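Each chain, letter by letter, is given below.
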Amino acid sequence: MISIIIRKRILEERKGLITVLRLVFIFHLGAVFNVFLSSKISAQDITANLKADSTHILIGDFLNVKVTVRYPTGFTIVFPATRDSFGNMELVKASRIDTSDNGNFKVLSQIYSVSAYDSGKYQLGPEKILYRNKSGVLDSVLSDSISIEVTTMAVDTAKAIKPIKAPVEVPYSLKEFLPFIAVGIILVAIIIAVIYFIRRWRKTRKTVVKERPKPKDPPHIWARSELKRLDEEKLWQKDEIKKYYSRLTEILRLYLEYRYNWLALESTTEEITGNIHSYNIPAEAADHLMMVLRNADLVKFAKMIPMPDINIRVMDNAFKFIDLTEEKVVKADEK
């Protein structure tokens with residue numbers, strides 16, 4: 001009796017377990033069916049269309065093809081990646097993807113410019129658009145397709161050969177000139193730097209001049225002796241005006257070198273005028289010196305023939321300059 005009761009309970013427990021398993025199976029099957037059904041229903045809401053400006057073009061012409069995808073909010077759309085061809089036509093360029101909202105739907109659109117360089121019939125599409133639905137399932141939808149006919153122009157053999165289309169004028173952009181502008185700026189900067197360093201080097205370099213032997217006599221005695229000898233040669237009286245002034249200015253420049261260590265023999269009149277104040281030369285003496293140098297420049301460079309009184313005055317001024325600038329020797333008993 002007890003065994004019969006136990007056997008009945010075991011049978012009842014088995015029936016209950018089978019019922020539970022059936023319920024679990026039906027529940028999961030319903031869930032899978034719902035997901036599948038929802039994905040199919042949602043997929044029907046996604047549309048992809050192709051629209052071309054024309055179905056007939058001449059060889060080499062550009063044709064604009066617009067791809068439009070309409071899909072529910074919450075879906076993710078993947079447009080075809082950039083490529084070299086569209087269908088079996090050459091891809092010239094692609095615009096940016098434009099996005100717009102339409103109620104519970106979004107619309108993506110992109111324009112492709114295509115061309116063909118041989119006559120015949122071409123097929124654009126269908127385009128495969130990938131998408132991921134709200135449940136994360138990855139799927140795709142195909143667009144419609146378009147047939148394009150590419151034709152050539154009729155050739156009249158009686159006429160001269162000419163291009164099918166005139167050359168396209170492409171406007172220049174600033175980006176094209178940037179490398180040339182950069183190179184130009186660098187070259188200008190290099191030239192300015194070279195000029196700057198050359199000038200700086202000229203200002204800072206030390207003039208190397210071989211030291212000339214100095215006379216045994218003091219500078220003022222030597223200068224007076226040379227001026228007296230020049231005066232006795234009577235060069236200007238012999239119409240040797242240029243030689244007279246050249247020798248006169250040479251004596252005064254060498255006197256500046258012996259007296260002040262000033263390399264005046266290599267200096268122009270303008271340079272001597274600008275630097276004479278640096279050597280503590282009295283103003284009156286400087287006036288006498290500059291009178292001689294300026295008249296000498298007029299004779300040597302402007303070919304001026306001075307009057308006799310000028311020739312005499314320049315010699316007098318040379319002696320006065322020596323008198324005003326000679327070094328005073330102080331004797332030991334006068335200190």
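Residues numbered from 1 in each chain as written. Predicted model: local features only at pLDDT ≥ 70, side-chain atom pairs only at ≥ 80, totals over all residues. Heavy atoms only, no water.

Details of the overall build of the protein
The line we're drawing: Per the convention used, a helix needs a DSSP run of H or I reaching at least four residues, while a strand needs a run of E reaching at least two, with both numbered from the N terminus. Residue burial is assigned from relative accessible area. The probe radius is 1.4 Å, only protein chains are included, and a residue is buried under 20% of its type maximum, exposed over 50%, and partly exposed in between. Where accessible areas are quoted, they stem from the Shrake-Rupley method and a 1.4 Å probe; at the residue level, only the protein chains shown are allowed to cover.
Check the secondary structure of the protein and you find seven helices and 12 strands. Burial analysis of the protein (335 residues in total) assigns 28% to the buried set. Carbon and sulfur atoms form 59% of the exposed surface of the protein, whose accessible area is close to 24400 Å².

Structural notes on the nonpolar core
Note the threshold: To qualify as a nonpolar core, a set must consist of buried Ala, Val, Leu, Ile, Met, Phe, Trp, Tyr and Cys residues joined through side-chain atoms within 4.5 Å.
Counting 37 residues, the largest nonpolar core has Ile281, Leu289 and Phe321 as the members making the most contacts within it. Elements represented by at least two residues in this core include exactly helix 3 (219-233), helix 4 (241-260), helix 6 (283-301) and helix 7 (308-325). If one sorts the elements of this core by residue count, helix 4 sits on top with 11 residues. Ala48, Tyr71, Met89 and Tyr112 belong to the second largest nonpolar core, which has 28 residues in total.

Thoughts on the sheet that holds strand 12 (residues 146-151)
Put simply, the rule is: Pairing between strands is defined by DSSP: at least two bridges between them are needed. Note on geometry: axes are lines fitted to C-alpha atoms, helical ones only across the stretch in contact, with angles between N-to-C directions running from 0 to 180 degrees.
Strand order in the open sheet formed by three strands is 2-12-9, with mixed pairing between adjacent strands. Either end of the sheet is taken by a strand with one partner, and the two such strands are strand 2 (56-58) and strand 9 (120-124). Averaged over all pairs of adjacent strands, the angle between their axes in this sheet comes to 30°, without regard to strand direction.

Focus on a nonpolar patch on the surface
Basically, it comes down to this: For patch detection, residues must exceed 30% relative accessible area and be free of salt bridges, and they are connected within 9 Å for like charges or within 5 Å for nonpolar side chains (Val, Leu, Ile, Met, Phe, Trp, Tyr). The working definition used for a salt bridge is a side-chain nitrogen of Lys or Arg within 4 Å of a carboxyl oxygen of Asp or Glu.
A grouping of Tyr172, Leu174, Phe177, Leu178, Phe180, Ile181 and Ile185 is seen on the molecular surface, where their side chains present a nonpolar patch of about 820 Å² in accessible area. Assignment of secondary structure puts Ile181 in helix 2 (residues 174-204). The exposure class assigned to Ile181 is partly exposed, which follows from its relative accessible area of 41%.

Examining the packing of aromatic side chains
Test applied: Aromatic pairing here means that ring centres of Phe, Tyr or Trp (its six-membered ring) are within 6.5 Å. Orientation follows from the plane angle: under 30 degrees is stacked, over 60 is edge-to-face, and everything else is tilted. Whether a charge lies above a ring is judged from NZ of Lys or CZ of Arg, which has to be within 6 Å of the ring centre and within 35 degrees of the ring normal.
On inspection of all chains with the given rule, the structure shows eight aromatic pairs. Between Phe75 and Tyr131, the aromatic rings sit 5.9 Å apart at their centres with planes inclined by 25°, giving stacked as the arrangement. Taken as a pair, Phe75 in the loop between strand 3 (62-72) and strand 4 (76-78) and Tyr131 in strand 10 (residues 128-132) lie far apart in primary sequence, 56 residues in all. As far as the burial class goes, Phe75 and Tyr131 line up, both buried. When the centroid spacing of 5.3 Å and the interplanar angle of 70° are considered together, the rings of Tyr196 and Phe197 count as edge-to-face. Every member of this aromatic cluster is reached through a ring pair, and the members are Tyr260, Trp262 and Tyr279. Cation over ring: Arg70 sits above Phe105, and NZ or CZ is 3.8 Å from the ring centre.

Notes on the pairing of strand 7 (residues 98-102)
Sheet analysis places strand 7 next to strand 8 (residues 105-115), joined by five bridges and oriented antiparallel. Note on strand 8: the bridge partner recorded for Asp101 is Lys106.

A short note on the environment of Asp98
Heads up, the condition is: Throughout, a contact is declared for two residues whenever any of their heavy atoms are within 4.5 Å.
One can find Asp98 in strand 7. Considering only alpha carbons, one finds Asp98 and Ser109, 11 residues apart in sequence, at a separation of 5.2 Å. With sequence-adjacent residues up to four places away left out, Asp98 is seen in contact with Val107, Leu108 and Ser109.

Details of the confidence of the model for the protein
Selection criterion: pLDDT measures how confident the predictor is about each residue, on a scale from 0 to 100.
When the pLDDT values of the protein are averaged, the result is 81; 79% of them are 70 or greater. The secondary-structure element of the protein with the lowest mean pLDDT is helix 1 (residues 2-44), recorded at 52, while helix 7 shows the highest, at 94.

Quick look at the packing of helix 4 against helix 7
Put simply, the test is: Working rule for angles: under 35 degrees goes down as roughly parallel, over 145 as roughly antiparallel, 65 to 115 as roughly perpendicular, anything else as oblique. Gly falls in the polar group here, along with every residue not listed as nonpolar (Ala, Val, Leu, Ile, Met, Phe, Trp, Tyr, Cys, Pro) or charged (Asp, Glu, Lys, Arg).
Where helix 4 meets helix 7, the axes come as close as 12 Å, and the angle between the chain directions of the two elements is 5°. As summarised for this structure, helix 4 and helix 7 are arranged roughly parallel, according to the angle between their axes. Along the contact surface, helix 4 presents Ile241, Tyr244, Tyr245, Leu248, Leu252, Tyr255, Leu256, Arg259 and Tyr260, while helix 7 presents Ile310, Asn311, Val314, Met315, Ala318, Phe321, Ile322 and Thr325. Across the contact of helix 4 with helix 7, the residue classes tally to 14 nonpolar, two polar and one charged.

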